[in-house]
Amino acid sequence: MMRQDKLLTLPEVLDELGGVSRRTFYRWRELGRAPVCLQLPNDELRVWRSDLLAWLDSLRQAA
């Protein structure tokens, strides 16, 4: 079964978050506060759109 989702690049994720800086995003990762990321063999990060949306929903519930 093929996943009906899209892998987002880090620039796409940052844009979806309203222009959050790369440095801020990496800091969130260090603190365990970023969405779940996949790290590719070339060390680039990807985020499933569904994981990004679930992460944003969890922030709304916590606020």
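Residues numbered from 1 in each chain as written. Predicted model: local features only at pLDDT ≥ 70, side-chain atom pairs only at ≥ 80, totals over all residues. Heavy atoms only, no water.

- As annotated in an unreviewed UniProt entry, the chain carries the name Putative DNA-binding transcriptional regulator AlpA and is attributed to Sphaerisporangium siamense.

## Some words on the sheet that holds strand E1 (residues 7-9)
Consideration 1: One open sheet accounts for three strands, arranged E1-E3-E2; its pairing is antiparallel. The sheet is open, and its two borders are formed by E1 and strand E2 (38-39), each paired with just one other strand.
Consideration 2: Looking at chain direction, E2 and strand E3 (residues 45-48) are connected through two bridges and run antiparallel. Following the sheet pairing, Leu 38 is matched in E3 by Arg 46. (Pairing = 2+ DSSP bridges. Helix = DSSP H or I, 4+ residues; strand = E, 2+ residues; numbered from the N terminus.)

## Here's the deal with the pattern of salt bridges
Consideration 1: Throughout the structure, instances matching the rule amount to five salt bridges.
Consideration 2: One salt bridge in this structure joins Glu 12 and Lys 6, with 3.4 Å as the shortest N-O distance.
Consideration 3: On the accessibility criterion, Lys 6 (40% relative accessible area) is partly exposed.
Consideration 4: For Arg 27, the salt bridge goes to Glu 30, with nearest N and O atoms at 3.0 Å. Separated by three residues within a single helix, Arg 27 and Glu 30 lie in helix H2 (residues 22-31), roughly one turn from each other.
Consideration 5: In this structure Glu 30 comes out as exposed when scored by relative accessible area, which is 60%. (Salt bridge = Lys/Arg side-chain N within 4 Å of Asp/Glu carboxyl O. Buried < 20%, exposed > 50% of the residue type's maximum accessible area, 1.4 Å probe, protein only.)

## Focus on the packing of aromatic side chains
For any pair of aromatic rings, the description rests on two quantities: the centre-to-centre distance and the angle between the ring planes.
Consideration 1: Taken as a whole and judged by the stated rule, the model has one aromatic pair.
Consideration 2: With 5.9 Å between their ring centres and 45° between their planes, Trp 28 and Trp 55 make a pair best called tilted. Here Trp 55 lies in helix H3 (residues 49-62) and Trp 28 lies in helix H2, a separation of 27 residues in the sequence. (Phe/Tyr/Trp six-rings, centres within 6.5 Å; stacked < 30°, edge-to-face > 60°.)

## So, the environment of Arg 33
Consideration 1: Summarising the element assignment, Arg 33 is placed in the loop between H2 and E2.
Consideration 2: Take Arg 33: its relative accessible area is 55%, and that puts it in the exposed class.
Consideration 3: Each C-alpha atom of the pair Arg 33 and Trp 55 lies 9.2 Å from the other, and the pair is 22 residues apart in sequence.
Consideration 4: The residues touching Arg 33, leaving out its near neighbours within four places in the chain, are Trp 28 and Trp 55. (Contact = heavy atoms within 4.5 Å.)

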